[in-house]
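# Overview (structure and organization)
Listed here are the chains, written in short residue letters.
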Amino acid sequence: MSVPDTAVVNQPTASIPWRASGSTNLDLSAKSPLTAYLVAKGAASVSLTGHVDLQYYGVSGTDRHPITFTTTTPLPAASTQVEGSGELPPFLFTRVGPQVTAMYHGGSGVSVTPLKADGSPTSIGTIPVLCLGSPWFEPWHNVNVLPGPTSADYAVTARAGVAGTEVDLGAGSLALTEALDKSVTGSLDLPDSGTAALRLLGVIPATASVRVTPGPVTGSFADGFTAPATVTVADLSILGIPLLRDQNTCQSTTTLALTAGDGLAINHSGSLTGNYDLPAFTGCGYYTGLVSSLFSGNGNTITATTTD
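Everything numeric here is computed off the predicted structure, so don't read it as measured data.

A separate point is the overall build of the protein. Counting its regular elements, the protein contains two helices and 19 strands. The C-alpha radius of gyration computed for the protein amounts to 33 Å, which surpasses the reference 19 Å derived for 308 residues by more than 25%, pointing to a less compact arrangement than a globule. Taking the principal axes of the C-alpha coordinates as reference, the protein spans close to 105 × 45 × 25 Å. Counting the 308 residues in the protein, one finds 40% classified as buried.

This is how it looks when you write it as structure tokens:
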């Protein structure tokens, strides 16, 4: 096996290549009574399958990893050697610093399956030939586990649920930094405005441009984040008649309560989902009350999804 000497905390290593070989002491030569018996039962070849039960120690996650490998040999057979290769799952370490691991060999063997000329098994079935030796440890292997990245920048696309309608906020960015105590600080930048399609009094069509401007993001991946935010309604039209145009002072301030989802972490993309309430708006001139009646309320939502 080719086992790594270094790893990054909370990040899987590369898969671990393995090569294995084995054999049995069964005599399958031309003069063997066993060979004569197998041929009499319709066998034209034998399938030799090696089995090794491996276990990881000192590594996070599933620790048992049985492997098998097969060679088919015509009868009579001068050799019962079987060889194979493949990959074992990667290591995953959850602590920084020097770590030790071992591959524990829990058992092994080579089974023999006589096959007919068409490749199907004979009535004999499979003959298990197990190794009865004592289990043993491979030597302990030292792995230097390095700290993972502490900062990441993501491109995001965002949507908001506001005033009972979905608003596409377009593209933006998310920057996060994680401290040793797992606390996170960062910023969510959503520069674009989205268009909200509304109904005044439930029947009169209206449209408005909505922009969400979050402040600093604080919290943790485990417990969630908060961010102050300003929601701006810059344009508002009723029945196609513009009432507000480029009115960047028509605003309400709130706090976003955000939760990391889809595996979002410093080293993994995902999403932020959250909710927020909208108090009354200010700075909308004659239409301050109208804007508040349309937009103020509870249960608004926001989703920012990272993109590769």
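Now for the pairing of strand S8 (residues 141-146). Across three bridges, the pairing between strand S1 (residues 6-8) and S8 is parallel. The partner of Ala7 across the bridge, within S8, is Val145. Bridge count between strand S6 (residues 97-115) and S8: five bridges; the pairing is antiparallel. Counterpart to Gln99 in the pairing with S8 is Val143.

Mapping Ala40 onto the fold places it in helix H1 (residues 33-40). For Ala40, a relative accessible area of 67% translates into the label exposed.

The next point concerns the packing of aromatic side chains. Following the criterion strictly, the structure yields five aromatic pairs and no others. Measuring from ring centre to ring centre gives 5.9 Å for Trp18 and Phe69, while their planes differ by 55°; the resulting arrangement is tilted. Of this pair, Trp18 sits in strand S2 (residues 16-22) while Phe69 sits in strand S4 (residues 64-74), and the two are 51 residues apart along the sequence. Plain terms: the ring middles of Phe281 and Phe295 are 6.0 Å apart, the flat faces sit at 55° to each other, and that makes the pair tilted. Residue Phe281 is located in the loop between strand S18 (271-278) and helix H2 (288-295), and its partner Phe295 is located in helix H2; the two are separated by 14 residues in the primary sequence. We note that Phe281, like Phe295, is buried.

Here the bond from Leu75 into Pro76 is cis, since omega is -5°, no more than 30 degrees from zero. Looking at the element boundaries, Pro76 is found in the loop between S4 and strand S5 (82-88). Its identity as a non-glycine residue notwithstanding, Asn10 has a phi of 65°, on the positive side. Relative to the helices and strands, Asn10 is located in the loop between S1 and S2. When its relative accessible area of 41% is taken as the criterion, Asn10 is described as partly exposed. Notably, Leu239 is not glycine yet its phi reads approximately 55°, a positive angle.

A word on H2. Along H2, the residues classified as buried are Val291, Ser292, Leu294 and Phe295. Around the axis of H2, the buried residues are gathered within 165° of arc, so they sit on the same side. Gly297 sits one or two positions beyond H2 and adopts a positive phi of about 155°.

Let us now look at the pattern of salt bridges. Any two side chains of opposite charge can pair if their charged atoms end up close together. Counting across every chain of the model gives two salt bridges. Between Asp53 and Arg64 there is a salt bridge; the shortest N-O distance is 3.2 Å. Linking Asp53 in strand S3 (residues 45-57) with Arg64 in strand S4, this pair joins segments that are eleven residues apart in sequence. Since its relative accessible area comes to 45%, Arg64 is described here as partly exposed.

Our next topic: the nonpolar core. In terms of nonpolar packing, the biggest core is built from 45 residues, with Leu169, Leu176, Tyr276, Phe281, Val291, Phe295 and Ile302 touching the most fellow members. When residues in this core are grouped by element, the largest group, seven residues, is from strand S15 (residues 224-238). Contact partners of Val291, with chain neighbours within four places excluded, come to Val233, Leu236, Leu244, Cys250, Phe281, Cys284 and Ser296. By size, the runner-up hydrophobic cluster in this structure holds 27 residues, among which are Ala7, Val46, Phe93 and Met103.

Take Ser252: it is sitting in strand S17 (residues 251-261). Taking relative accessible area as the criterion, Ser252 reaches 2% and is therefore assigned buried. Apart from residues no more than four positions distant in its own chain, Ser252 is found in contact with Ala229, Thr230, Val231, Leu278, Pro279, Ala280 and Phe281.

Criteria and thresholds
Note on numbering: residues in each chain are counted from 1, in written sequence order. For this predicted model, a pLDDT threshold of at least 70 governs which residues receive local features, and a threshold of 80 or more governs which side-chain atom pairs are given and counted, while totals over whole chains, interfaces and linings are taken from all residues. Side-chain calculation: all heavy atoms of the structure are included, whereas hydrogens and water are not. Think of it this way: any DSSP run of H or I at least four residues long counts as a helix, any run of E at least two long counts as a strand, and we number them from the N terminus. Throughout, radius of gyration means the C-alpha value; the globule benchmark is 2.2 Å times the number of residues raised to the power 0.38. The cut-offs for exposure are 20% and 50% of the maximum accessible area for each residue type, with area from a 1.4 Å probe on protein chains only; residues under the lower value are buried, those over the upper are exposed, and the others partly exposed. Strand pairing follows a simple DSSP-based rule, namely that at least 2 bridges must link the two strands. Here a Phe, Tyr or Trp ring, Trp counted by its six-membered ring, pairs with any other such ring whose centre lies within 6.5 Å, and the pair is stacked when the planes are under 30 degrees apart, edge-to-face when over 60, and tilted otherwise. The directions considered for the arc are those from the helix axis to the C-beta atoms. Any Lys or Arg side-chain nitrogen found within 4 Å of a carboxyl oxygen on Asp or Glu counts as a salt bridge. Buried Ala, Val, Leu, Ile, Met, Phe, Trp, Tyr and Cys residues form a nonpolar core when they are joined through side-chain atoms within 4.5 Å. Any two residues having at least one pair of non-hydrogen atoms within 4.5 Å are treated as being in contact.

Worth remembering: the numbers are spatial, not functional.
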